[in-house]
Every structure is written in C-alpha cells, then in structure tokens.
Amino acid sequence: MPSILEPKMITGNSNKPLANAIARRMSMYRGQPVKPVDARVEVFNDAEIFVEVYENVRGEDMFIIQSTSRPANDNLMELLIMADALRRSSAARITAVIPYFGYARQDRRTKARTPISAKLVANMLVEAGIERVLTMDLHAAQIQGFFDIPVDNLYASPIFALDILHHFKDELSDVMIVSPDVGGVARARELAKRINAPLSIVDKRREKPGEVAEMTVIGEVKGKKCIIVDDICDTAGTLCKAAEVLLEHGATEVHSYISHGVLSGPAVERITNSVMKSLVITDSIEPTQPVKDAANIRIVPTAPMFAQAIMNISTGTSVSSLFETDTLEPSYEGMFKV
C-alpha cells in the first residue's frame with residue numbers, strides 16, 4: 001500500500017456548495033488546485049441510487065463529504081453506497097465527513113418499544129467500510145461511543161465566538177448567552193467562556209413533542225442583549241417562543257446562534273415574523289432559497305474549519321487544536337475582525 005500523503009474528496013448531492021468550498025480552502029492551504037473526485041451519483045427512475053467513480057482511487061486517502069440532512073434517508077444511502085464503491089475500488093482509507101449527522105436526536109430510548117436509530121446508523125456506516133468519521137456538533141456527545149472507529153466531533157462555538165466578537169465588539173458587556181433548555185447548558189457555557197459573558201437558562205416543559213407548555217427564565221436578563229445558543233433549529237417554534245419570553249423579562253434584543261439550520265415546515269416564516277433580531281446558522285446543511293432570502297437569517301461558513309480538519313487527519317496532526325478560537329482564527333482571517 002502506498003504511503004498516505006494527499007487527501008482526495010468525493011461528494012454526494014446533500015451539500016455540494018459546502019464540498020466545493022472545502023475544496024477551494026484546501027487548494028489555498030496546499031497551494032495547488034483541489035477538486036472533488038470525478039464521479040456520478042444519480043437516482044434511477046425507481047429511486048435506486050447509483051454511484052460510479054471515474055478516477056482511480058486505489059491506495060488513496062478518501063474523504064466523503066455528505067450531510068445526512070433532508071431527505072435524510074436518500075442522503076444516508078448515498079453516503080453508504082459511495083463508501084461501498086470506494087472500498088471495492090481499494091481506497092486505502094475512507095473517512096466520512098458528515099457536517100450534519102442525521103438521526104442524532106434518536107440517541108436513546110425515550111419510551112418502551114422505540115429504537116436507538118443513531119446507533120443503527122453508526123453500525124451501517126462501519127459496515128459500509130467507513131474507517132473514520134468527521135462531524136460537527138453532535139446532538140449528544142455520547143454518540144461518539146456508538147462507533148467502534150475514531151470520531152472527530154468539531155464544534156461551531158469557536159466560529160460563533162469569532163462572529164460575536166466581530167458583531168458585538170463594542171457591546172460585549174451587555175451580551176448574555178442563553179441556553180434554550182437545561183440539556184444545552186454545557187454548550188452555552190462553552191461559548192460564554194470563550195467571550196467572557198454571563199449565562200442564563202430558559203427552562204421549558206413540553207406536554208408533547210414539538211409543543212412547549214411553559215417557559216421559565218433562570219438568570220437576570222433585564223437590559224441584556226441575549227444570544228440563544230443551540231445545536232439544531234427544526235420548526236423554530238421553541239426558539240421563537242424563547243425569544244418572546246426573554247423580551248418579556250426585560251432583554252433589549254434577542255439573537256440566536258444555531259449550529260444546524262434544519263428549518264423545516266413553517267420555520268423560516270416563523271423566524272421572519274419573530275421578535276428575534278437575527279438568527280445565525282452554519283452551512284452544515286445546504287440552505288434553501290427562502291433561508292437565503294430571509295432578512296434576519298445569516299449564514300457563517302464552516303469550510304475553513306473542515307478543510308483544516310481534513311488536512312490534519314490526512315497528515316496525522318492534531319484535530320483538537322481546532323477547538324480553540326485562537327487556533328481557528330487564522331483560517332477565518334478576512335471574514336471576522338476581532
């Protein structure tokens with residue numbers, strides 16, 4: 001087997017703009033053009049997925065760029081079939097780069113006779129021949145334990161910290177980081193530490209999934225510019241309600257920073273008509289046209305971080321160094337002025 005020197009990428013159909021952006025960043029880092037491997041990923045008339053790789057990948061260090069976002073099942077099958085095609089083509093190593101890991105919310109049994117789908121997906125990825133996973137902001141960190149292969153879980157918080165320090169640089173003393181529920185306190189605390197801001201919590205109680213019966217604010221938010229931090233925004237009902245509750249408790253402004261903008265159903269309309277001044281999401285999921293057109297939704301790029309992580313994995317250097325804002329800042333030079 002030849003020594004693994006240069007990474008090669010292949011992409012499915014879930015988020016081609018992000019894959020191309022990662023390739024452009026890698027071109028900058030390596031000083032030579034980088035393009036995804038020439039391949040065909042298409043769907044037959046009966047909805048079967050077919051993959052054909054046109055280039056020789058024997059002995060290569062392959063990275064599959066594919067989020068398992070909507071349509072989750074189609075994108076997951078694309079990922080599995082691409083992995084199988086590469087394995088049968090004698091790729092030296094196959095790493096799945098999954099910016100948004102679908103099914104992550106099904107990480108435990110909440111009731112009798114329910115599945116743990118995140119574990120099932122992990123098993124499928126390993127069986128398909130994937131030897132390493134690179135992802136960002138898993139819904140629950142313990143999902144890494146579902147895999148018997150290395151998992152690198154990057155964080156959006158260093159990017160968010162750079163963005164907040166840029167946009168709120170003259171108002172940092174007024175900023176309050178808010179966790180929208182008790183389960184997200186660790187994530188919110190991590191961002192609060194990065195920008196040296198206080199922390200508050202919105203405690204919510206649900207009568208049934210998707211509906212919030214009651215919300216209570218823990219902490220003093222009066223006169224503060226509140227920034228809600230979470231990993232996923234789906235229908236945005238809870239997020240918009242939390243923004244209203246914070247304003248009722250005296251907050252002057254409410255902004256939100258969300259790692260994965262699923263934004264399904266009425267989400268964009270709710271956010272557009274909400275009291276939130278802005279919603280910041282990453283491009284881990286390809287934004288729809290309504291998301292791009294929304295006046296109060298802004299997208300920050302993850303390509304610089306993923307490109308550097310791919311380079312680090314390929315060369316055997318530290319990936320955890322990208323957890324630090326100071327380390328990541330040079331990759332975002334020119335985007336944020338801190």
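Provided above is the structure to which this section pertains.
Described in the following lines is the structure provided in the data block. (Residues numbered from 1 in each chain as written. Predicted model: local features only at pLDDT ≥ 70, side-chain atom pairs only at ≥ 80, totals over all residues. Heavy atoms only, no water.)

**Let's talk about the overall build of the protein chain**
So, step 1. A tally of regular secondary structure across the protein chain gives 10 helices and 14 strands.
So, step 2. Taken over C-alpha atoms, the radius of gyration comes to 20 Å for the protein chain, in line with the 20 Å a tight globule of 338 residues would show.
So, step 3. Projecting the C-alpha coordinates of the protein chain onto the three principal axes gives extents of approximately 65 × 50 × 35 Å.
So, step 4. Relative to its 338 residues, the protein chain shows a buried fraction of 52%.
So, step 5. For the protein chain, the proportion of contacts with a sequence separation of at least 24, taken over those separated by at least 6, is 65%.
So, step 6. Accessible surface, the protein chain as shown: approximately 15,600 Å² in total, 49% of it carbon and sulfur.
So, step 7. Treating the 37 positive side-chain charges of the protein chain as one cloud and the 43 negative ones as another, the clouds have centres 2 Å apart. (Helix = DSSP H or I, 4+ residues; strand = E, 2+ residues; numbered from the N terminus. Rg over C-alpha atoms; globule rule 2.2 N^0.38 Å. Buried < 20%, exposed > 50% of the residue type's maximum accessible area, 1.4 Å probe, protein only. Contact = heavy atoms within 4.5 Å. Areas by Shrake-Rupley, 256 points an atom, 1.4 Å probe, with all protein chains shown as cover. Lys, Arg positive; Asp, Glu negative; His and termini not counted. Charge placed at Lys NZ, Arg CZ, Asp CG, Glu CD.)

**Section: the sheet that holds strand E7 (residues 151–154)**
So, step 1. Pairing within the open sheet is parallel, and its 5 strands lie in the order E1-E4-E5-E6-E7. Strands at the two margins of the open sheet, each flanked by one partner only, are strand E1 (7–11) and E7. Pairwise comparison of adjacent strand axes, ignoring direction, gives a mean angle of 20 degrees for this sheet.
So, step 2. Summarising the sheet, E1 and strand E4 (residues 61–65) pair through 5 bridges and their orientation is parallel. Bridge pairing in E4 places Pro-7 opposite Asp-61. (Pairing = 2+ DSSP bridges. Axes fitted to C-alpha atoms, helices over the stretch in contact; angles between N-to-C directions.)

**Some remarks on the side chain of Thr-302**
So, step 1. Inspection of the secondary structure puts Thr-302 in the loop between strand E14 (297–300) and helix H9 (303–315).
So, step 2. Here Asp-283 takes part through its side chain, which lies 2.7 Å from a polar atom of the side chain of Thr-302.
So, step 3. Not counting chain neighbours up to four residues away, the residues in contact with Thr-302 comprise Leu-18, Met-136, Ile-159, Thr-282, Asp-283 and Tyr-332. (Polar contact = N/O pair within 3.5 Å; in protein donor to acceptor, adjacent residues only side chain to side chain.)

**Details of the side chain of Ser-284**
So, step 1. Positionally, Ser-284 belongs in the loop between strand E13 (278–282) and helix H8 (289–293).
So, step 2. By relative accessible area, which is 0% here, Ser-284 ends up buried.
So, step 3. Setting aside residues up to four positions removed in sequence, Ser-284 forms contacts with Asn-15, Leu-18, Ser-67, Pro-99, Tyr-100, Met-136, Ser-259 and His-260.

**So, the packing of aromatic side chains**
So, step 1. For the structure shown, the criterion picks out 4 aromatic pairs.
So, step 2. Here Phe-44 and Phe-50 contribute two aromatic rings whose centre-to-centre distance is 5.6 Å and whose plane-to-plane angle is 20 degrees, an arrangement assigned as stacked.
So, step 3. Among the residues examined, Phe-44 registers a relative accessible area of 35% and is labelled partly exposed.
So, step 4. For Phe-50, a relative accessible area of 29% corresponds to the partly exposed category.
So, step 5. Ring centres 5.0 Å apart and planes at 70 degrees place the aromatic pair Tyr-155 and Phe-323 in the edge-to-face group. You can see Tyr-155 sitting in the loop between E7 and helix H4 (157–167) and its partner Phe-323 sitting in the loop between H9 and helix H10 (325–328), a full 168 residues away along the chain.
So, step 6. Residue Tyr-155 is classed as partly exposed on the basis of its relative accessible area, which comes to 32%. (Phe/Tyr/Trp six-rings, centres within 6.5 Å; stacked < 30°, edge-to-face > 60°.)

**Some thoughts on helix H1 (residues 16–30)**
So, step 1. Helix length check: H1, at 15 residues, gives a terminal C-alpha distance of 21 Å against a target of 21 Å (1.5 Å per residue), a fit within 8%.
So, step 2. Of the positions making up H1, those classed as buried are Leu-18, Ala-19, Ala-21, Ile-22, Ala-23, Arg-25, Met-26 and Ser-27.
So, step 3. If you follow the buried residues of H1, they end up packed against E1, E4 and H9.
So, step 4. Backbone nitrogen of Leu-18 and a side-chain oxygen of the N-cap are separated by 3.2 Å at the start of H1; the cap is Asn-15. (Expected span 1.5 Å × (residues − 1).)

**Section: unusual backbone geometry**
So, step 1. Looking along the chain, the bond that leaves Arg-70 and enters Pro-71 is cis, with omega of -5 degrees.
So, step 2. For Pro-71, the location among the structural elements is in the loop between E4 and helix H2 (72–88).
So, step 3. Of note, Tyr-103 is a non-glycine position whose phi angle comes to about 70 degrees, a positive value.
So, step 4. Looking at the element boundaries, Tyr-103 is found in the loop between strand E5 (93–98) and helix H3 (117–127).
So, step 5. In this structure, Ala-236 is a non-glycine residue whose phi angle is positive, near 70 degrees.
So, step 6. Inspection of the secondary structure assignment puts Ala-236 in the loop between strand E11 (225–233) and helix H6 (237–248).
So, step 7. With relative accessibility at 4%, the residue Ala-236 sits in the buried group.

**Looking at the nonpolar core**
So, step 1. One finds Ile-22 and Ile-177 to be the most contacted residues of the largest nonpolar core, which totals 47 residues.
So, step 2. For this core, the elements supplying multiple residues, two or more each, are H1, E4, strand E6 (132–136), H4, strand E8 (175–179), helix H5 (185–195), E11 and H9.
So, step 3. A total of 8 residues in this core trace back to one element, the largest contributor, which is H9.
So, step 4. For Ile-177, the contacting residues outside a window of four places in its chain are Ala-188, Leu-191, Ala-192, Ile-195, Ala-197, Pro-198, Leu-199, Ser-200, Ile-227 and Val-229.
So, step 5. Membership of the second largest hydrophobic core comes to 35 residues, among which are Val-57, Val-121, Ala-128 and Phe-147. (Core = buried A, V, L, I, M, F, W, Y, C linked by side-chain atoms within 4.5 Å.)

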